[in-house]
Amino acid sequence: MSVLVIGGAGYIGSHAARALRRHGYQTVIYDNLSTGYPELAEGFELVVGEVADTAKLASVMKQVDSVMYFAANSLVPESVKNPRKYFTNNVICGLNMLHTAMDNGVGKVIFSSTCSVYGAPEESPIKEDTLKQPCNPYGVTKLTLEHALDAYEQAYGLHYVALRYFNAAGADESGEIGELHRPETHLIPACLTAILGERKELEVFGDDYPTPDGTCIRDYIHVNDLAEAHVLALKHLEKGKNSAAMNLATGRGSSVKEVIDAAEEVTGRKVPRRLVPRRAGDPPSLVADPARAEQVLGWKAQRSLNDMVKTAWNWMHTGRERLLKSVHVESH
Ligand code: UDP
């Protein structure tokens, strides 16, 4: 069976491409390299193209049985400042991808969704039927695509699994692929780049939240656990089972302080840091109930917060060095 991994030269997509290969799938990557890196797609057939380029996308769609769709913009603050970019790239291009898939006989889609579809729910842990009230354009764009998938399934028989990631972190255990965002805003790489002196210090965004230690709580999930869930989701559709949307998370929350402690424990070094005011739009706590993914896919996260920090730290001393040589990274 063959799979087109759109956005496969990016962080999560490149890990999913390797997981597919491990499971024997013929895997083709399609990426415009706007935030991805050719190095992350090494060893795969890489087609460089825009999702908006229907002719090019159609020519590769014709060769595959199913699609995994990772290509999207995913920075919440940027989506607030520049919603046009998000509605264009995530909604218009996302719909173009779905239409191109259906028009070329591809009936199975695995879609990267996000916990941002829920907004800041009062219910915890968050279940799939928790009220979805996204509080930024990024979450709205992802929920819009989920609605389209649902409607297309009912009207046209398109089969899909929408995977709502919580906080993706860590890197492949090989050290060959991992995370490099420009700018890098996520907590674990922010802690580690502060240790390395690539940023002056970690800014801790508020310690007056209604949580046990006052810092925000998130449900961090290892990128290779996410990758394996994608393969299981595809197998689920291949067995002719129902479309579904589900959380991918550990079900355990960690505070910013706990993440800093893990970074210090793993590296044996202090995280230089400074307390600053809350970041706008940060909900105090987002923790998932991952039971549906276990029931439907038989998937359960295997890796701990320490594993995420360890593999991210390893990546910073291996594959990431190579990527840094080929790009200029904006530092904070
Ligand atoms: N955070 C922080 N300093 C940073 C980056 C993040 O204190 O430099 C906090 C942020 O306020 C949030 C948590 O770490 O509570 C996770 O943030 P991240 O940007 O990694 O993911 P998000 O939950 O926003 O998708």
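Worth saying up front: this structure is predicted, and the values here are computed from it rather than measured.

Draft legend 1. How the structure looks around the overall build of the chain. Helix and strand counts for the chain come out as eleven helices and 14 strands. Its C-alpha radius of gyration of 19 Å places the chain within 12% of the 20 Å reference for a compact globule of 332 residues. Summarising its shape, the C-alpha atoms of the chain cover approximately 55 × 45 × 40 Å along the three principal directions. Working note: accessible area of the chain is about 14,200 Å², and carbon and sulfur atoms make up 50% of it. Across the chain, 35 positive and 41 negative side-chain charges occur, with their mean positions spaced 1 Å apart.

Draft legend 2. Structural detail: the pairing of strand 8 (residues 202–205). Side chains Leu 202 and Val 204 of strand 8 all project onto a buried face; the interleaved residues Glu 203 and Phe 205 project onto a face where none is buried. Pairing between strand 8 and strand 13 (residues 273–276): four bridges, direction parallel. In the sheet register, Glu 203 faces strand 13, and the bridge partner there is Arg 274.

Draft legend 3. A look at the nonpolar core. In terms of nonpolar packing, the biggest core is built from 35 residues, with Leu 20, Met 68, Ile 110, Leu 163, Leu 248 and Trp 299 touching the most fellow members. For this core, the secondary-structure elements that each account for two or more residues are strand 1 (2–6), helix 1 (11–22), strand 6 (159–165), helix 7 (223–238), strand 11 (244–248) and helix 9 (291–297). Not counting residues up to four positions away in its chain, the partners in contact with Trp 299 are Ile 221, Asp 225, Glu 228, Ala 229, Leu 232, Leu 248, Ala 249, Ala 293 and Glu 294. Counting residues in each nonpolar core, the second largest holds 32 residues, with Leu 40, Leu 180, Ile 188 and Cys 216 among its members.

Draft legend 4. Representation of the sheet that holds strand 11. Overall, parallel pairing links the seven strands, which are arranged 3-2-1-4-5-6-11 in an open sheet. Each edge of the open sheet is held by one strand with a lone partner, namely strand 3 (45–48) and strand 11. Pairwise comparison of adjacent strand axes, ignoring direction, gives a mean angle of 20° for this sheet. Two elements, strand 6 and strand 11, share five bridges in a ladder whose sense is parallel. For Val 161, the partnering residue across the bridge sits in strand 11 and is Ala 244.

Draft legend 5. Examining the sheet that holds strand 9 (residues 217–218) more closely. Read from one edge of the open sheet, three strands run 12-9-14, paired in mixed fashion. Two strands bound the open sheet, and with one partner strand each, they are strand 12 (254–255) and strand 14 (285–286). Taken together, the two bridges between strand 9 and strand 12 define a ladder with antiparallel strand orientation. Bridged to Arg 218 within strand 12 is Ser 254.

Draft legend 6. Structural view of helix 11 (residues 319–326). Within helix 11 the residues assigned to the buried category are Gly 319, Arg 320 and Leu 323. Looking down the long axis of helix 11, one finds its buried residues gathered within 95° of arc, a one-sided arrangement.

Draft legend 7. Highlighting the pattern of salt bridges. The full count for this structure, using the stated rule, is 20 salt bridges. The closest approach of N and O atoms between Arg 303 and Glu 173, which form a salt bridge, is 2.9 Å. Residue Arg 303 is found in the loop between helix 9 and helix 10 (305–316), and its partner Glu 173 is found in the loop between strand 7 (167–169) and helix 6 (187–195); the two are separated by 130 residues along the sequence. A relative accessible area of 15% places Arg 303 in the buried class. Judged by its relative accessible area of 43%, Glu 173 is partly exposed.

Draft legend 8. The arrangement of the packing of aromatic side chains in detail. For the coordinates displayed, the defined rule picks out four aromatic pairs. Judged by centre distance (6.4 Å) and plane angle (85°), the ring pair of Tyr 86 and Tyr 138 falls under edge-to-face. Remark: Tyr 138 occurs in helix 5 (residues 137–156) and Tyr 86 occurs in helix 4 (residues 83–103); sequence separation between them is 52 residues. The pair formed by Tyr 86 and Tyr 138 is uniform in burial state, with each residue classed as buried.

Draft legend 9. Inspection of the environment of Thr 141 at higher detail. Relative to the helices and strands, Thr 141 is located in helix 5. Distance in space between the C-alpha atoms of Thr 141 and Asn 73 is 9.8 Å, their sequence separation being 68 residues. Discounting residues that sit within four places of it in the chain, Thr 141 has contacts with Tyr 86, Phe 87, Asn 90 and Val 91.

Draft legend 10. Spotlight on the site of the ligand. Close to the ligand lie 15 residues; Leu 187, Glu 203, Arg 218, Arg 279 and Asp 282 are nearest. With respect to the ligand, the side chain of Asn 167 contributes an N or O atom lying 2.9 Å from an oxygen atom. A distance of 2.8 Å separates an oxygen atom of the ligand from a polar backbone atom of Leu 187. Burial of the ligand by the protein chains amounts to 87% of its free accessible area of 510 Å². Looking at the shell around the ligand, the elements that each hand over two or more residues are helix 6 and strand 8. The element that contributes the greatest number of residues to the shell around the ligand is strand 8, accounting for four residues.

Rules and cut-offs
Sequence order sets the numbering: in each chain, residues are counted from 1 along the sequence as written. In keeping with the predicted nature of the model, local features appear solely for residues at pLDDT of at least 70, side-chain atom pairs appear and are counted solely at 80 or more, and the whole-chain, interface and lining totals rest on all residues. For side-chain calculations, the full set of non-hydrogen atoms in the structure is used, while hydrogens and water are omitted. Helix and strand definitions follow DSSP, with helices as H or I runs of at least four residues and strands as E runs of at least two, each counted in order from the N terminus. The globule rule used for comparison is 2.2 Å times the number of residues to the exponent 0.38, while the radius of gyration itself is calculated over C-alpha atoms. Computed with a 1.4 Å probe, the accessible areas rest on the Shrake-Rupley method; for each residue, only the protein chains presented here act as cover. Neither His nor the chain ends is counted toward charge; the positive residues are Lys and Arg and the negative residues Asp and Glu. Charge coordinates come from a single atom per side chain, which is NZ of Lys, CZ of Arg, CG of Asp or CD of Glu. Between buried and exposed lies partly exposed: a residue is buried under 20% and exposed over 50% of the maximum accessible area for its type, with that area taken using a 1.4 Å probe on protein chains only. Two strands form a pair only when DSSP identifies at least two bridges running between them. Here, nonpolar core means buried Ala, Val, Leu, Ile, Met, Phe, Trp, Tyr and Cys residues that are tied together by side-chain atoms lying within 4.5 Å of each other. Note on definitions: a residue-residue contact is assigned when non-hydrogen atoms from the two residues lie within 4.5 Å. Interaxial angles span 0 to 180 degrees and are taken between N-to-C directions of axes, which are lines fitted to C-alpha atoms, for helices over the stretch in contact. Of all possible arcs, the one meant is that of the directions from the helix axis to the C-beta atoms. When a carboxyl oxygen of Asp or Glu lies within 4 Å of a side-chain nitrogen of Lys or Arg, that pair is called a salt bridge. Two rings belonging to Phe, Tyr or Trp (six-membered ring only in the last case) form a pair when the distance between their centres is within 6.5 Å. Interplanar angles under 30 degrees mark stacking, angles over 60 mark edge-to-face geometry, and anything in between is tilted. Near is defined per residue: the residue qualifies when any heavy atom it owns lies within 4 Å of the molecule or strand. Polar contact criterion, stated in full: a pair of N or O atoms within 3.5 Å, where within protein one must be able to donate a hydrogen and the other to accept it, and residues adjacent in sequence count only if both atoms are side-chain atoms.

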